[in-house]
Each structure stands twice: as structure tokens, then as C-alpha cells.
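Descriptive structure summary
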Amino acid sequence: MPLTLTFTDIDELLIAALHKRARAHGRSIEDEHRDILRSALRPLPKRPLDDILRSMPDVGLDADFERRS
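So, how was this worked out
- Per chain, residues are indexed from 1 in the order of the written sequence.
- Local features in this predicted model are restricted to residues whose pLDDT is 70 or higher, and side-chain atom pairs enter the listing and the counts only when it is 80 or higher, whereas totals over whole chains, interfaces and linings include all residues.
- Hydrogens and water molecules were not included; the side-chain quantities draw on all heavy atoms of the structure.
- By the criteria applied, helices consist of DSSP H or I runs no shorter than four residues and strands consist of E runs no shorter than two, each listed in order from the N terminus.
- Just to be clear, the radius of gyration here is over C-alpha atoms, and the globule rule we use is 2.2 Å times residues to the power 0.38.
- Exposure classes here rest on a 1.4 Å probe applied to the protein chains alone. A residue is buried below 20% of its type maximum, exposed above 50%, and partly exposed in between.
- Accessible areas in this description were obtained via Shrake-Rupley with a 1.4 Å probe; residue shielding takes into account the shown protein chains only.
- Asp and Glu count as negative and Lys and Arg as positive, but His and the ends of the chain are not part of the count.
- In plain terms, the charge of a residue is placed at NZ if it is Lys, CZ if Arg, CG if Asp and CD if Glu.
- UniProt positions are given in the numbering used here, feature names are shortened, and annotations may be inferred rather than shown by experiment.
- Helix axes are fitted to C-alpha atoms over the stretch in contact, other axes to C-alpha atoms as well, and angles between N-to-C directions run from 0 to 180 degrees.
- Roughly parallel means an angle under 35 degrees; roughly antiparallel means over 145; roughly perpendicular covers 65 to 115; every other angle is labelled oblique.
- Note on contacts: a residue pair is in contact if any heavy atoms of the two residues lie within 4.5 Å.
- Note that Gly is not counted as nonpolar here; it falls among the polar residues with everything else outside the nonpolar set of Ala, Val, Leu, Ile, Met, Phe, Trp, Tyr, Cys and Pro and the charged set of Asp, Glu, Lys and Arg.
- Expected helix span is taken as 1.5 Å per residue step, with the number of steps being one fewer than the number of residues.
- Any pair of nitrogen or oxygen atoms within 3.5 Å is treated as a polar contact; in protein, a donor-acceptor pairing is required on top of that, and neighbouring residues in sequence qualify only through side-chain atoms on both sides.
- Salt bridge, as used here, is a side-chain nitrogen of Lys or Arg placed within 4 Å of a carboxyl oxygen of Asp or Glu.

A few words now on the overall build of the protein chain. From N to C terminus, the protein chain includes 3 helices and 0 strands. What you see in the protein chain, going N to C, is helices and strands ordered as α-α-α. Taking 2.2 N^0.38 as the reference for a compact globule, 69 residues should give roughly 11 Å; the C-alpha atoms of the protein chain span a radius of gyration of 22 Å, well beyond that estimate. Overall, the C-alpha framework of the protein chain stretches about 60 × 30 × 25 Å when taken along its three principal axes. Within the span of the protein chain, comprising 69 residues, buried residues form 6% of the whole. With the model as given, the accessible surface of the protein chain reaches about 7,100 Å², and the carbon-plus-sulfur share is 58%. Put simply, the protein chain has 12 plus and 13 minus side-chain charges, and the middle of one group is 3 Å from the middle of the other.

Following this line, the structure appears as C-alpha cells:
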């Protein structure tokens, strides 16, 4: 179901930046605004924990991180 959003009291510099970004991407301000909202609010893809751990850089030996009393 389509929804209309209305924004008021928007800083002129922000509007100018939106115009510039829309021109740079070759689309309307409305399409640019939709893309910004979509990008900001889209859920991040879930990755398995082992994939995340494997992607972490090797930063030292386990002994480097042992707690000392």
C-alpha cells in the first residue's frame, strides 16, 4: 500500500545535497530519497558466527590475551 511522507523544516543545505546526489545518480529527488531510506532501513544480512570469526584478522597468539591476576 503506497504511503505519502511529508517533511517540514528541512535545512536548505540538506535539500541541496539531496538534489546534488539525485543528479549524480541520474534519478529524481523522490527516487533518491526512496533509495536512501531503503538503504538505511534494510535489515543487514545474517551471517553464521563461524563465518564472522573466520573473517577476523589474526592479531596475535591466544597467550597475548590471557588474563593476568
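Turning our attention to the UniProt feature "domain: Antitoxin FitA-like ribbon-helix-helix" (unreviewed entry) in the protein chain. Following the UniProt record, one finds the feature "domain: Antitoxin FitA-like ribbon-helix-helix" (unreviewed entry) at residues 5–41. Helix makes up 70% of residues 5–41 and strand 0%, with an end-to-end C-alpha separation of 15 Å.

Below, the discussion takes up the packing of helix α1 (residues 12–24) against helix α2 (residues 29–41). Following both chains from N to C, one finds α1 and α2 inclined at 95°, their axes separated by 9 Å at the closest point. Between α1 and α2, the crossing angle belongs to the class labelled roughly perpendicular. Within the contact between the two elements, α1 uses L18, H19, R21 and A22 and α2 uses I29, E32, H33, D35 and I36. Its residues placed into classes, the contact of α1 with α2 shows 4 nonpolar, 2 polar and 3 charged.

With that settled, the discussion passes to the environment of A40. In this structure, A40 sits in helix α2. Exposure remark for A40: the relative accessible area of 60% places this residue in the exposed category. Taking the C-alpha atoms as reference, A40 lies 20 Å from A16; in sequence the two are 24 residues apart.

Between its terminal C-alpha atoms α1 stretches 18 Å, which fits the 18 Å expected from 13 residues at 1.5 Å a residue. N-capping of α1 is provided by D11, with a side-chain oxygen placed 2.7 Å from the backbone N of L13. Of the residues flanking the end of α1, it is G26, one or two places downstream, whose phi is positive at about 65°.

Attention now moves to the pattern of salt bridges. Overall, the coordinates contain 8 salt bridges when judged by the stated rule. For the salt bridge of E32 with R21, the shortest nitrogen-to-oxygen distance reads 2.5 Å. Taken together, the residues E32 in helix α2 and R21 in helix α1 connect sequence positions 11 residues apart. A residue is classified by how much of its surface remains accessible, and R21, at 36% relative accessible area, is partly exposed. The shortest N-O distance in the salt bridge between D51 and R47 comes to 3.1 Å. By relative accessible area, D51 is classed as partly exposed at 31%. You can call R47 partly exposed: its relative accessible area is 43%. Shared partners join several salt bridges into a network, and the residues in it are R21, R27, E32, D35 and R38.

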